[in-house]
Amino acid sequence: MQFLVIARDGTDAEAPARRAAARPAHLENARRMKADGHLIIGGAMLDEAGTMIGSSMLAEYPDRAALDAALAADPYTVQGVWQSFEIRPFRIADL
C-alpha cells in the first residue's frame with residue numbers, strides 16, 4: 001500500500017539544530033528504505049526563505065502499522081525533529 005507522508009518539524013528555536021544533528025542518520029535510514037523498496041521518493045519541505053521545515057515522502061508498506069513503525073524508528077522522530085504527521089493512503093497514477 002502506498003502512503004503520502006507529510007512530517008512537520010517543530011517550530012521552536014532549537015528545531016533547526018535538531019534537524020542538522022539528526023540529518024546524517026536520517027539520510028542513511030532513507031537510503032536503507034529506498035534500497036528495501038519502501039521509499040518511493042522523499043525530500044525536505046522548505047519555507048519561503050529556503051529553510052527546511054519538514055519532510056514529505058511517498059512510501060510503500062504492507063499496511064499503516066508497518067509505516068507507523070518505520071516512522072517511529074526514523075532518527076528525525078527519535079531525535080524530536082518531526083513533531084506532527086499527516087498521512088494519507090495514496091496511489092500513483094498509471095500514466
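Above this text you will find the structure in question.
Everything numeric in this text was worked out from a predicted model, so none of it was measured.

Each value, and the rule that gives it
- Residues numbered from 1 in each chain as written.
- Predicted model: local features only at pLDDT ≥ 70, side-chain atom pairs only at ≥ 80, totals over all residues.
- Heavy atoms only, no water.
- Helix = DSSP H or I, 4+ residues; strand = E, 2+ residues; numbered from the N terminus.
- Rg over C-alpha atoms; globule rule 2.2 N^0.38 Å.
- Buried < 20%, exposed > 50% of the residue type's maximum accessible area, 1.4 Å probe, protein only.
- Core = buried A, V, L, I, M, F, W, Y, C linked by side-chain atoms within 4.5 Å.
- Contact = heavy atoms within 4.5 Å.
- Pairing = 2+ DSSP bridges.
- 1 Å grid on protein atoms, 1.4 Å probe; cavity = no way out; pocket = protein on both sides within 12 Å on 5 of 7 lines; lining within 4 Å.
- Points joined across faces, edges and corners; volume = space filled by probe spheres on them.
- Nonpolar A, V, L, I, M, F, W, Y, C, P; charged D, E, K, R; others polar.
- Expected span 1.5 Å × (residues − 1).
- Bend = angle between axes of the 7 residues up to and from the residue.

## Considering the overall build of the protein
Counting its regular elements, the protein contains three helices and four strands. Along the protein, from the amino end to the carboxyl end, the secondary structure elements read β-α-β-β-α-α-β. Radius of gyration (C-alpha) of the protein: 13 Å, near the 12 Å computed for a compact globule of 95 residues. Dimensions of the protein, computed from the C-alpha atoms along their principal axes, are close to 40 × 25 × 20 Å. Here the protein holds 95 residues, and the buried ones make up 32% of them.

## Some details on the nonpolar core
Looking at soluble globular proteins, one finds that nonpolar side chains tend to be buried together. Judged by nonpolar contacts, the single largest core of 17 residues is most densely connected at Val5, Met57, Tyr61, Leu67, Leu71 and Trp82. The contacts of leucine 67, once residues within four sequence positions are left out, are Phe3, Val5, Ala59, Tyr61 and Ile87.

## Here's the deal with the pairing of strand E2 (residues 39-46)
Pairing of E2 with strand E3 (residues 52-60) involves seven bridges; the strand directions are antiparallel. Bridge pairing in E3 links leucine 46 to methionine 52. Here E2 folds back onto E3 in antiparallel fashion, the turn holding five residues, of which glycine 50 has a positive phi close to 90 degrees.

## With respect to the layout of surface pockets
A water-sized probe rolled over the atoms picks out the places where empty space is left. As a volume, the largest pocket reaches approximately 240 Å³. Along the wall of the largest pocket there are 20 residues; nearest its centre are His26, Ala30, Gly42, Gly43 and Ser55. Elements represented by at least two residues in the lining of the largest pocket include exactly helix H1 (15-35), E2, E3 and helix H2 (64-73). A per-class count over the lining of the largest pocket returns eleven nonpolar, six polar and three charged.

## Some thoughts on H1
Here H1 contains 21 residues, and its C-alpha end-to-end distance of 29 Å stays within 8% of the 30 Å for a straight helix at 1.5 Å per residue. The sharpest bend along H1 reaches about 50 degrees and sits at arginine 23, with the proline proline 24 one to four residues further on. Residues of H1 that are buried include every one of Ala15, Arg19, Ala22, His26, Asn29, Ala30 and Met33, and no others. Taken together, the buried residues of H1 touch strand E1 (2-9), E2, E3, helix H3 (75-78) and strand E4 (82-90). Taken from the residues just after H1, glycine 37 is the one with a positive phi, measuring 85 degrees.

Don't take any of this as a statement about function, it's just geometry.
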